[in-house]
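Here is what each chain is made of, one letter per residue.
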Amino acid sequence: MFRTHTCGELGLANLNQEVTLAGWVQTLRKFGSITFVDLRDRYGITQLLLDETQHSSLAGSPLGREYVIQATGIVSERSSKNLQIPTGEIEIKVGKIVILNKSVTPPFTIQDDTDGGDDLRMKFRYLDLRRQVVKKNIELRYAVNRAARNYLHQKHFIDIETPFLIKSTPEGARDFVVPSRMNAGQFYALPQSPQTFKQLLMVSGYDRYYQVVKCFRDEDLRADRQPEFTQIDCEMSFIEQNDILEMFEGLIKYIFKEVKGIEYKGEIERMTWEDAMWVYGNDKPDIRFDMKIANLKSPIKRKGAVEAGGWIIANAGFPVFDNAETVLAISVPGGATWTRKQFDELTDWVKRPQIGMQGLVYIRYNEDGTIKSSVDKFYSEEKLLSIASYCQSQKGDVILILAGREEKTRKAISDLRLELGERLGLRKKDEYTLLWVLDFPLFEYSEEDNRWVARHHPFTAPKPDQISTMINHDPVISNPELYLEHPYANIKANAYDMVLNGNEIGGGSIRIYQRELQEKMFDALGMTREEANHKFGFLLGAFEYGAPPHGGIAFGFDRLCAILGGSESIRDFIAFPKNNSGRDVMLDAPSTIDEKQLRELFIEIRTEK
Ligand code: ASP
């Protein structure tokens, strides 16, 4: 046996026992003939004491950082204890040491607060993975995986693998493709998700399917995306939307309990997409804090929204508001006392190209009840007070107002809201708030192609009461200017997203399961029947053999782990991630392949861009 114990388990209860440990030398501290070694393995760190004067066998043992050693000795009480670590009250007085393997000096220190930069750590990821902080993330990932599997197994889901080499049917993201040697000139695609397979499994009668599965999308990598990522992918038959919501609320609550020990209290709020956009300017709102958006230029009242008061700021002679398509405001607690400098900084913040606003108007609603704004010239005190009341502001708040084009302004105010939530400490790391966002639009309009595109994916069913709208209308958009008036613009999808602290952690839908409706969907997306058959004939065919009503969901497993681990980055929770340009810097992939391989694949490389 290499070891009797791990480096994470010995304590005062083991005093005077002879033990053998094996692990890596994290640090060496030499004091004359005495050397202290922090010995590390997966489970923790134990201090070794090597006294050369006692044991000649230790004399001159040339240890170095990251050497793999085996040490036998007696568990002894430490004189200076380290109560930060579980083994910090003891040390091992070593009698015998064996060097199992040497190490060259590692390129960075293998400790929680390492001196290694990002690139270096990725290049030597196998060393980075030795660090306890990284190990904790990888272990958390496994805990989430195991909890998900346990729950789904209890609920009679079965894990069925689906193929990775499939057919390219780009809809949404770009496919990664794989050339086929045995079929000259032909390519497989890697799945963007097992979507059609899980639906086929429903047709086959496996009424509860799941898989913790890799998905591949060849997207330009926005911040914190990976070209290959993992989903907890699920599908169920004979269900309606509410069945899915309840089943997967159960899953997420179970994961919280198992992984974090948190009993998620209370109902999970359900909000329509329209309300989310209206009240938070965003389809994945962080509802841990209020700061709801007031629409100063619209008469419509929305559920949960700040009370609408019509065109409250219109036509006061302030051209910025008068001419803007939309004017949106948030009321920020405590903001009335901000300094001029703070407002200037915030104004610069909204003017940054990423936000792209022209400026920021503010109204201070002071504690003493007085009110002052940066546009006093145009608005009387009375008018400002009515705006404050309309925004449901409290004394001490500042009202921040943005004006401009509808979509841009909405995004900007939503970003501003999140930024202030962050700055004011309202987005607490240890507070978890779940939310369902429901009833997304089924279609989005593509200006480029003058046609509809599926907002979720083409297998998503419309809300049951809108199926007839879809069937009975021609999807063709005769006048692009008036696309919003086309009946399809208002069709809502029977789709749902689960949102956690402002992050979409899962999404899915009730599916189309009749051939006629699925064909209509492909028509709407501008596919000819021929094309639809070429790409999805297998699914349309399957729908003719008794496809049951079904629906499902997929959770972004990497993201879920990152949030539960309190991290911004999914990379920290993936053993071997890619960098922002989609490269594996450790393997140096992607890379060229040699001429012989290319020839076997019938591929010639074109050099022009
Ligand atoms: N396959 C979908 C996705 O990857 C999820 C689902 O509809 O179940 O987004």
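In the block above lies the structure referred to throughout.
So, a few notes on the structure that sits alongside this text. (Residues numbered from 1 in each chain as written. Predicted model: local features only at pLDDT ≥ 70, side-chain atom pairs only at ≥ 80, totals over all residues. Heavy atoms only, no water.)

1. Some remarks on the environment of M277
This is how it is decided: A run of H or I in DSSP becomes a helix once it reaches four residues, and a run of E becomes a strand once it reaches two; helices and strands are each numbered from the N terminus. Residues are treated as being in contact if the distance between any of their heavy atoms lies within 4.5 Å.
Turning to its location among the elements, M277 is positioned in helix 6 (residues 273-280). With 16 residues separating them in the primary sequence, M277 and I293 have C-alpha atoms 9.5 Å apart. Those residues in contact with M277, other than ones at most four positions away along the chain, are N282, D283 and R410.

2. A word on the state of the cysteines
Note on terminology: a disulfide is the covalent bond linking the sulfur atoms of two cysteines. Stated precisely, the cut-off is as follows: Criterion for a disulfide: a pair of cysteine sulfur atoms within 2.5 Å.
Per the counting criterion, the structure on display carries 0 disulfides. C215 carries a free sulfur, and the closest cysteine sulfur to it, the one in C234, is 12 Å from it.

3. A word on the site of the ligand
Spelled out, the test is: A cutoff of 4 Å decides nearness: a residue is near a molecule or strand if any of its heavy atoms lies inside that distance of it. Within 3.5 Å is the distance limit for a polar contact, defined as a pair of N or O atoms, with the added protein rule that one can donate a hydrogen and the other accept it, and that residues adjacent in sequence qualify only through two side-chain atoms. Here the open area of atoms and residues is found with the Shrake-Rupley method and a 1.4 Å probe, where only the protein chains shown may cover a residue.
Residues in close proximity to the ligand total 13 residues, the closest being Q195, K198, Q231, H457 and R511. Here an oxygen atom of the ligand and a side-chain polar atom of K198 are 2.7 Å apart. A total of 270 Å² of accessible area belongs to the ligand in isolation, and the protein chains cover 89% of it. Elements that contribute at least two residues to the shell around the ligand include exactly helix 4 (195-203), strand 21 (503-510) and strand 22 (550-556).

4. As for the sheet that holds strand 15 (residues 371-373)
Paired through their backbone hydrogen bonds, the strands of a sheet run either parallel or antiparallel. The following threshold applies: Any two strands with at least two DSSP bridges between them are considered paired.
The 5 strands are arranged 12-13-16-14-15 in an open sheet whose pairing can be described as antiparallel. Every other strand in the sheet has two partners, leaving strand 12 (294-295) and strand 15 as the edge strands with one partner each. The pairing of strand 12 with strand 13 (residues 326-332) spans 2 bridges and is classified as antiparallel. Across the sheet, the residue bridging to N295 is L328, located in strand 13.

5. A closer look at unusual backbone geometry
Backbone phi values are negative for most residues with the exception of glycine, while trans is the configuration of most peptide bonds. With an omega of 0°, the peptide bond running from A589 to P590 counts as cis. Its place among the elements puts P590 in the loop between helix 14 (557-564) and helix 15 (595-600). In this model, F602 sits at a positive phi of 60°, which is unusual for a non-glycine residue. Tracing the chain through its elements places F602 in the segment after helix 15.

6. Details of the environment of L601
Note on placement: L601 falls in the segment after helix 15. Remark: the alpha-carbon pair of L601 and P179, spanning 422 residues in sequence, is separated by 6.5 Å. If sequence neighbours within four positions are ignored, L601 has contacts with P179, S180, R181 and I593.

7. Overview of the packing of helix 3 (residues 132-154) against helix 14
The cut-off we apply is this: Every axis in this analysis is a line fitted to C-alpha atoms, fitted for helices over the stretch in contact. Angles between the N-to-C directions lie between 0 and 180 degrees. Orientation is classified from the angle alone, with under 35 degrees giving roughly parallel, over 145 giving roughly antiparallel, 65 to 115 giving roughly perpendicular, and any other angle giving oblique. Take the far helix as the reference: if the near one is turned anticlockwise from it by less than a right angle, the crossing is left-handed, and if turned clockwise, right-handed. Each residue is assigned to one class: nonpolar for Ala, Val, Leu, Ile, Met, Phe, Trp, Tyr, Cys and Pro, charged for Asp, Glu, Lys and Arg, and polar for all the others, Gly among them.
Between helix 3 and helix 14, the least distance of the axes is 10 Å, while the angle of their chain directions is 120°. Relative to helix 14, the element helix 3 is oriented oblique. Relative to helix 14, helix 3 is oriented so that their crossing is right-handed. Residues L140, R141, V144 and N145 of helix 3 form the contact with helix 14, whose own contacting residues are F557, D558, L560, C561 and L564. Split by residue class, the contact of helix 3 with helix 14 holds 6 nonpolar, 1 polar and 2 charged.

8. Digging into helix 3
The condition that has to hold: Expected span of a helix, by definition, is 1.5 Å for each gap between consecutive residues, and there is one gap fewer than residues. Only protein chains enter the accessibility calculation, which uses a 1.4 Å probe; a residue is then buried when its area is under 20% of its type maximum, exposed when over 50%, and partly exposed in between.
Taking 1.5 Å of rise per residue, 23 residues should cover 33 Å, and helix 3 covers 32 Å from first to last C-alpha, within 8% of that figure. Listed as buried for helix 3 are V134, K135, N137, L140, R141, A143, V144, N145, A147, A148, Y151 and L152. Summarising the contacts, the buried residues of helix 3 are in contact with strand 2 (34-41), helix 2 (125-128), strand 9 (208-216), strand 10 (228-237), helix 5 (241-260) and helix 14. Backbone geometry just after helix 3 places H156 at a positive phi near 70°.

9. A word on the side chain of N145
Checked against the element boundaries, N145 lands in helix 3. We classify N145 as buried; its relative accessible area is 17%. There is a polar contact of 2.7 Å between the side chain of N145 and the side chain of R149. Once you skip the residues sitting within four places of it in the chain, N145 turns out to touch V212 and F557.

10. Regarding the pairing of strand 18 (residues 443-446)
Of the strand pairs in this sheet, strand 18 and strand 19 (residues 451-454) are connected by 4 bridges, and their pairing is antiparallel. Among the inter-strand pairings, S446 is bridged to a residue of strand 19, identified as R451. Hairpin geometry of strand 18 and strand 19 is characterised by an intervening segment of 4 residues between the two adjacent antiparallel strands and by a positive phi of about 45° at N450.

11. Observations concerning the pairing of strand 2
Here strand 2 lies mainly inside the structure; 7 of its 8 residues are buried. Direction of pairing for strand 1 (residues 18-31) relative to strand 2: antiparallel, over a ladder of 7 bridges. Opposite F31, over in strand 2, you have I34 as the bridge partner. Between the antiparallel neighbours strand 1 and strand 2 lie 2 residues, among them G32 with a positive phi of about 60°. The hairpin turn running from strand 2 into strand 3 (residues 44-51), its antiparallel successor, is 2 residues long.

12. Details of helix 10 (residues 406-423)
Counted at 1.5 Å a residue, the expected span for helix 10 with its 18 residues is 26 Å, and the 26 Å between its end C-alpha atoms agrees. The set of residues buried in helix 10 consists of T409, R410, A412, I413, S414, L416, R417, L418, L420 and G421. Among the structural elements, helix 6, strand 13, helix 8 (340-351) and strand 16 (398-404) are those in contact with the buried residues of helix 10. Once helix 10 finishes, G425 follows within two positions and takes phi at roughly 70°, a positive value.

13. Regarding the pattern of salt bridges
Convention followed: Here a salt bridge means any side-chain nitrogen of Lys or Arg lying within 4 Å of a carboxyl oxygen belonging to Asp or Glu.
Here the structure, examined in full by the defined rule, presents 44 salt bridges. The residue R42 makes a salt bridge to E139 at a minimum N-O spacing of 3.6 Å. Of the two residues, R42 is situated in the loop between strand 2 and strand 3 and E139 in helix 3; the sequence distance between them amounts to 97 residues. Among the salt bridges present, the one from D128 reaches R125, with a minimum N-O distance of 2.8 Å. Linking D128 with R125, this pair stays in helix 2, spanning 3 residues, or about one helical turn. For D128, a relative accessible area of 0% corresponds to the buried category. Since its relative accessible area comes to 2%, R125 is described here as buried.

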